[in-house]
Every structure is written in C-alpha cells, then in structure tokens.
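Listed here are the chains, written in short residue letters.
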Amino acid sequence: MSSSEETSMRTALLPGSVERRFAPRTPAKSKARVTFGHGTQFRDCVITNISATGACLRLKDNETIPDEGVLVDRDAQTSYEFQVVWRVSPLVAVAFTSVPAPTAH
C-alpha cells in the first residue's frame, strides 16, 4: 500500500459519517513497539499519525496485535496503554486508555 493510499484511508470519511476524533492527529513516522502478554511478547510497528487520544499504527504484513496492550513510542521515549478501535491491514487505529508515561532509554 502506498503512503498516499494510507493517507486516503486515514482521512476519508464514508458518506454520511461524522469525524469523531476529539484531538487532531499529527503525521508521524515514529518507530514504535506494541507489547502485550504482560510484556512477554511484542510487535515492532511505525506510528503513522498520533494525537493526545490515539494513534494509527502500521504493522508488518500478516502481523496482528491483541485488542489491548502498551504502545511504546521509541522516538519520543513514551508509552501508552491502548485499546484497538479499528483494523484495516496493515493499519491499526488505537485509542489511548492511559496518560503518557516516560520510558527508559
């Protein structure tokens, strides 16, 4: 999928739908990691956009993540607990369920 196709998927609204985001998203290309299973499992990903309330993640082909976990933004050295909002492979949108926490270097 090209980046222009990803942008279209993230920004397009279906006819009659309403934008439901509470905070504007900022485009990003941050290296990140999703951890789950009490921190014993992980998936590397890229944050394609982020806001105060959530993010859109690009996973590697054929990878999945559970409905809840921890997103570690390696570039910003910050982590967030999250819940998945939607999935359109390879993209996954998450809503943050905790305030950001600093991570160790």
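Residues numbered from 1 in each chain as written. Predicted model: local features only at pLDDT ≥ 70, side-chain atom pairs only at ≥ 80, totals over all residues. Heavy atoms only, no water.

Draft legend 1. View of the overall build of the chain. Scanning the chain from N- to C-terminus turns up one helix and seven strands. Helices and strands in the chain line up, N terminus first, as α-β-β-β-β-β-β-β. A buried classification covers 34% of the 105 residues belonging to the chain. Of all intrachain contacts in the chain linking residues separated by at least 6 positions in sequence, the fraction that spans at least 24 positions is 44%. Summed over all atoms, the accessible surface of the chain reaches about 6800 Å², with 54% contributed by carbon and sulfur. (Helix = DSSP H or I, 4+ residues; strand = E, 2+ residues; numbered from the N terminus. Buried < 20%, exposed > 50% of the residue type's maximum accessible area, 1.4 Å probe, protein only. Contact = heavy atoms within 4.5 Å. Areas by Shrake-Rupley, 256 points an atom, 1.4 Å probe, with all protein chains shown as cover.)

Draft legend 2. Quick look at the pairing of strand β1 (residues 26-36). Taken together, the nine bridges between β1 and strand β2 (residues 41-50) define a ladder with antiparallel strand orientation. Residue pairing for β2: Ser30 is matched across the bridge by Ile47. The turn joining β1 and β2, which pair antiparallel and follow one another in sequence, is formed by four residues; a positive phi near 65° is taken by Gly37. By the bridge criterion, four bridges tie β1 to strand β4 (residues 68-73) in an arrangement that is antiparallel. Following the sheet pairing, Thr35 is matched in β4 by Val70. (Pairing = 2+ DSSP bridges.)

Draft legend 3. Looking closely at the environment of Glu68. Within the secondary structure, Glu68 is located in strand β4. If we skip the residues at most four places from it in the chain, Glu68 touches Phe36, Phe82 and Gln83.

Draft legend 4. Inspection of unusual backbone geometry at higher detail. Along the chain, Ser89 connects to Pro90 via a cis peptide bond; the corresponding omega equals 10°. Checked against the element boundaries, Pro90 lands in the loop between β5 (78-88) and β6 (91-96). Although it is not a glycine, Gln77 adopts a positive phi angle of roughly 55°. Examined against the element boundaries, Gln77 turns out to sit in the loop between β4 and β5. For Gln77, a relative accessible area of 33% puts it in the partly exposed group.

Draft legend 5. The arrangement of the pairing of β2 in detail. Pairing analysis gives five bridges linking β2 to strand β3 (residues 54-59), with the strands arranged antiparallel. Counterpart to Ile47 in the pairing with β3 is Leu57. Here β2 hands over to β3 after three residues, the two strands then running antiparallel side by side.

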